[in-house]
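Per-entry structural report
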Amino acid sequence: MKVATANQMRSIDKYCIENIGIPGIVLMENAALKVVENIDKYDSFTIVAGTGNNGGDGLAIARHLIVKNKKANIYLIGTPEKMSKDCKINYNILLNMNVKINTINQGEDLKSLKESVSTKQVTVDSIFGTGLSGEVRGIYSDVISIINKYSSYTVSVDIPSGLECDTGKVLGISVKADKTVTFQLNKKGFLNPESKKYTGKVKVESIGIPNFVVEKFI
Ligand SMILES: NC(=O)C1=CN([C@@H]2O[C@H](COP(=O)(O)OP(=O)(O)OC[C@H]3O[C@@H](n4cnc5c(N)ncnc54)[C@H](O)[C@@H]3O)[C@@H](O)[C@H]2O)[C@H](O)CC1
Ligand SMILES: [K+]
């Protein structure tokens, strides 16, 4: 099975968008729908989103769950100003749908997150993906601790947040997922036996990237 590094995934993404003309938001929507396919047998969710494209995936997942009349509590770590372009698109769609988005800035907000993670069936981890760089600290570390302590079933989007894509090493702290839905290709870090504690079962899902593009970079 082919495996990819973070840089290879970024190059594949870039080529799709710039040379083939598949907009990033289309890849993000495909990614979100594949995660929803893997979790839609459940009824209640806590979605924890960062401000990069991994977070954007999570916000799109939340939208599809809401449209399916599932109970979905959304928690955003970071400010809308920091959002990537495609994350912001999905954020604005939810605002236009009058969906409540809880922001986690300080300790007080963590109580609400703990309550949701403890009572909903599934926690969706869409904090960091291939863009994680450097140690996870502060509020991000607090959030991951809460997920690991109180979530009964955790699904990580693309990569458990806190796990380094290329090595499978934990950068300070990582989500311990029951399942990881990773996009298009398995990740090099998942070959590290130590990563199994954090990825749980790995499901590789195509997100509509043509094979010839993958073969160009892998
Ligand atoms: N072709 C594909 O595979 C697709 C993947 N998608 C998703 O996009 C992410 C990668 O998105 P990116 O914006 O590059 O990065 P992340 O969202 O993973 O995180 C970046 C985000 O986090 C901040 N950050 C990074 N390190 C730290 C840290 N140590 N502490 C705090 N904050 C940190 C950074 O500033 C950014 O804000 C990929 O994993 C997939 O989920 C696309 O959606 C579809 C195509
Ligand atoms: K993640």
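Residues numbered from 1 in each chain as written. Chains lettered and ligands numbered in written order. Predicted model: local features only at pLDDT ≥ 70, side-chain atom pairs only at ≥ 80, totals over all residues. Heavy atoms only, no water.

Definition in use: UniProt positions are given in the numbering used here, feature names are shortened, and annotations may be inferred rather than shown by experiment.
As recorded in an unreviewed UniProt entry, the protein chain goes by NAD(P)H-hydrate epimerase and comes from Thermohalobacter berrensis. UniProt lists a comment for the protein chain under the heading Sequence similarities (unreviewed entry), and it reads "Belongs to the NnrE/AIBP family."

**Describing the pattern of salt bridges**
Here is the rule: Whenever Lys or Arg places a side-chain nitrogen within 4 Å of a carboxyl oxygen from Asp or Glu, that contact is recorded as a salt bridge. A run of DSSP states H or I qualifies as a helix once it reaches four residues; a run of E qualifies as a strand once it reaches two. Both are numbered from the N-terminal end.
Tallied over the full model, the rule gives nine salt bridges. For the salt bridge of Glu 18 with Lys 14, the shortest nitrogen-to-oxygen distance reads 3.0 Å. You can see Glu 18 and its partner Lys 14 sitting in helix α1 (residues 6–20), four residues apart, about one turn around the helix. Its salt-bridge partner being Lys 197, residue Glu 194 comes within 3.3 Å of it at the nearest N-O pair. What emerges from the salt-bridge pattern is a single network uniting Lys 34, Lys 203 and Glu 205.

**Some details on the site of ligand 1**
Note the cut-off: We call a residue near a molecule or strand whenever a single non-hydrogen atom of that residue lies within 4 Å of it. In protein, a polar contact requires one atom able to donate a hydrogen and another able to accept it; more generally it is a pair of N or O atoms within 3.5 Å, and residues adjacent in sequence count only if both atoms are side-chain atoms. To measure how exposed things are, a 1.4 Å probe is used in the Shrake-Rupley method; for residues, cover is taken only from the protein chains shown.
Lining the immediate environment of ligand 1, one finds 22 residues, of which Asp 13, Asn 54, Asp 57, Gly 129 and Asp 158 sit closest. Measuring from a nitrogen atom of ligand 1, one finds a backbone N or O atom of Ser 133 at 2.9 Å. For ligand 1, an oxygen atom lies 2.7 Å from a polar atom in the side chain of Asp 158. A total of 880 Å² of accessible area belongs to ligand 1 in isolation, and the protein chains cover 82% of it. Among the secondary structure elements, those contributing two or more residues to the shell around ligand 1 are α1, α2 (24–39) and α3 (53–67). If you tally residues by element for the shell around ligand 1, the top one is α3, at three residues.

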